[in-house]
2 protein chains.
Amino acid sequence: MAMETGKDCIVRHFSRYGSLSEIERKRLSALEESRIPTEKGEPLWLEGDEARHFCTLSAGWAYAYRHFADGTRHILELFLPGDVIGLQEFPFQRRLSSVAMLEAGEVRPFSHHHLLDFFRDSSRLTALSFAAASYRQALLGARVVHLSRRSARQRIAYLLFELFSRLKRTGEALDDRFRVPLSQQHFADTLGLSSVHVSRTLTVFREERVLERSRDWIHILDPSALAREAGVSESLHEGLVDSH
Amino acid sequence: MAMETGKDCIVRHFSRYGSLSEIERKRLSALEESRIPTEKGEPLWLEGDEARHFCTLSAGWAYAYRHFADGTRHILELFLPGDVIGLQEFPFQRRLSSVAMLEAGEVRPFSHHHLLDFFRDSSRLTALSFAAASYRQALLGARVVHLSRRSARQRIAYLLFELFSRLKRTGEALDDRFRVPLSQQHFADTLGLSSVHVSRTLTVFREERVLERSRDWIHILDPSALAREAGVSESLHEGLVDSH
DNA sequence: CGGGGTTTTGAGATGACTCAAATATGGTGG
DNA sequence: CCACCATATTTGAGTCATCTCAAAACCCCG
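First, a word on scope: everything that follows refers to the structure included in this document. (Residues numbered from 1 in each chain as written. Chains lettered and ligands numbered in written order. Predicted model: local features only at pLDDT ≥ 70, side-chain atom pairs only at ≥ 80, totals over all residues. Heavy atoms only, no water.)

The next subject is the nonpolar core. Across soluble globular proteins, nonpolar side chains show a tendency to be buried alongside one another. In terms of nonpolar packing, the biggest core is built from 80 residues, with Leu 163 and Phe 178 of chain A together with Leu 163 and Phe 178 of chain B touching the most fellow members. Here Leu 163 of chain A is in contact with Trp 61, Leu 78, Leu 80, Phe 178, Val 180 and Leu 182 of chain A, once residues within four sequence places are set aside. If you look at the next biggest cluster of nonpolar residues, it comprises 54 residues, including Ala 127 of chain A together with Val 11, Val 84 and Leu 128 of chain B. (Core = buried A, V, L, I, M, F, W, Y, C linked by side-chain atoms within 4.5 Å. Buried < 20%, exposed > 50% of the residue type's maximum accessible area, 1.4 Å probe, protein only. Contact = heavy atoms within 4.5 Å.)

Here's what the structure looks like:
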């Protein structure tokens, strides 16, 4: 796996939401002291742990999940390289969900404290932190909508589209192919389906020549058909104002 | 409907997330200039409108929703008296979802601009704004989990528990009865079920003497049975640190 | 009282589930 | 480089929760 662009992971993340001055860039990258390599499946923290830091994911994918008494697992969020993890838990004492790596990668932790420093002396970095959190929230809102009262076809189409859009945004999906290191069980736990049904539905998509999946790769053969199925509006990925 | 506590709606909302100094209280309530009465069903804004302000809901319930091409409506969020609406759209140019009143009420608008003022000169109010946004996000995350791969019984139990918890928090649910101005169609659109099935499920709960519903009122007869069914952890409503 | 919206009930259809077995795939050590 | 193992995916068969459509009952509001 490409250890993505050695430094300035957090600078690049924040830059998504607005431009940064040289001073602000310096300020941000000064925070990136430690880089922690992580293994596939390694948990970053568990639900209920004390929440004292957040981190950027500089390489590899991760996911936030909760386990329930009946043994089921639900995946709340998928984190892609360059994303910030745990920012939204800032006002809570404890983690609301567990987070684990989907594959080997690297994270860079930051104390929640630094966020308070931003609040105190950089309204620009504050606004961008707020924007990052709001963007994440918008993704969740879209997922609420697309999970409820939609068929398995629609849910899968939607998730693939979301991932595709996000990967394009960070330049990781070049053409219509992109890598998705999720098993069908992960899809199922993200979408609220059984893994068996995910398999069947992907097979139907393949037979219809809408998309292909081999190994960790997804190849979208008919983007417009998939978009139609997903009921997708790209609005989430546009319309971000440059935090004023 | 009781026009809730004339003033300082926003002060009370922010106080949920941490204590405020006298100066900060003054600062906040100075923002509450206009009070706009709203009618049942009245939209506050529509998806795609320009997003330039947010508001507190000083009386009445509201909901955020999206309409889809196939004619279905999905409800993303329910807003209770005292809640802030539209805060999370701060970094976006346009509304991500429509918001309308469920009943007559009153809102108090604030320009997004005021938020930037907080960022510039009050780290405390900034932290509390961030906390408010994160709390909303936590609610959404919980909803993602409880909507996917759960039975109609579990979904309905969960929603009622969420509403009950939130109303207790603001002192509007005294004993086990509380007012819920939602039709079964609203429940259905919130939970991703058909209204027919909502009706059947509520009937079963009534026969099992778990809860009763008459008119706009819910009476929880067996709270522990409902909590069990909901698979609820109250953690969301505890564990808010006093924003450091 | 009458009428529109909401809720309830019935009946039949179906999408997604579970369990179970067969097959494919990738990773590892000999 | 191959054989083997563990894991992931596919396929089959039967079941069940929830859906749709439709009609009846209910209930608030005027």
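So, on to the packing of helix 6 (residues 184-191) of chain B against helix 7 (residues 195-207) of chain B. Residue and element names in this part refer to chain B. In the contact formed by helix 6 and helix 7, the axes pass within 8 Å of each other and the chain directions differ by 105°. Considering the angle they form, helix 6 stands roughly perpendicular to helix 7. Only Ser 195, Val 198, Ser 199 and Leu 202 of helix 7 make contact with helix 6, whose side of the interface consists of Gln 184, Gln 185, Phe 187 and Ala 188. In terms of residue class, the contact of helix 6 with helix 7 is made up of four nonpolar, four polar and no charged. (Axes fitted to C-alpha atoms, helices over the stretch in contact; angles between N-to-C directions. Helix = DSSP H or I, 4+ residues; strand = E, 2+ residues; numbered from the N terminus. Parallel < 35°, antiparallel > 145°, perpendicular 65-115°, else oblique. Nonpolar A, V, L, I, M, F, W, Y, C, P; charged D, E, K, R; others polar.)

Mapping chain B onto chain A leaves a residual RMSD of 0.0 Å; the transformation is a rotation of 180° accompanied by 0.0 Å of translation along its axis. On the angle and the small slide along the axis, the relation comes out as a two-fold axis. An overlap of 100% is found between the interface residues of chain B and their copies at the interface of chain A, pointing to a shared contact surface. (Least-squares fit on C-alpha atoms with pLDDT ≥ 70 in both.)

So, on to the interface of chain B and chain A. Listed as interface residues are 50 residues of chain B and, on the opposing side, 51 residues of chain A. Both faces combined, the contact of chain B with chain A buries some 4900 Å², and carbon together with sulfur accounts for 67% of it. Looking at the side of chain B facing chain A, the largest losses of area belong to Phe 130, Gln 137 and Arg 149 of chain B, adding up to 17% of the total buried there. Where chain B meets chain A, there are two salt bridges. Asp 189 of chain B is paired through a salt bridge with Arg 149 of chain A; the nearest N and O atoms lie 2.3 Å apart. Linking chain B with chain A are ten residue pairs in polar contact (both at pLDDT 80 or more), by the criterion used here. No other element matches helix 4 (residues 123-147) of chain B, which puts 18 residues into the side of chain B that touches chain A. Its residues assigned to classes, the side of chain B that touches chain A shows 26 nonpolar, 17 polar and seven charged. (Buried area = accessible area lost by both parts, 1.4 Å probe. Salt bridge = Lys/Arg side-chain N within 4 Å of Asp/Glu carboxyl O. Polar contact = N/O pair within 3.5 Å; in protein donor to acceptor, adjacent residues only side chain to side chain.)

This part takes up the protein's contact with DNA strand C. Around DNA strand C, the structure places 17 residues, and the nearest of them are Ala 152, His 197 and Arg 215 of chain A together with Gln 184 and Ser 199 of chain B. Sugar and phosphate atoms constitute 66% of the interface atoms of DNA strand C, taking the interface as everything within 4 Å of the protein. Separating a phosphate oxygen of DNA strand C from a backbone N or O atom of Ala 152 of chain A is a distance of 2.8 Å. Here Ser 199 of chain B contributes a side-chain N or O atom positioned 2.9 Å from a phosphate oxygen of DNA strand C. Sorting the residues of the surface near DNA strand C by element identifies helix 7 (195-207) of chain A together with helix 7 of chain B as the ones contributing at least two each. No other element matches helix 7 of chain B, which puts five residues into the surface near DNA strand C. A per-class count over the surface near DNA strand C returns four nonpolar, eight polar and five charged. (Near = heavy atom within 4 Å.)

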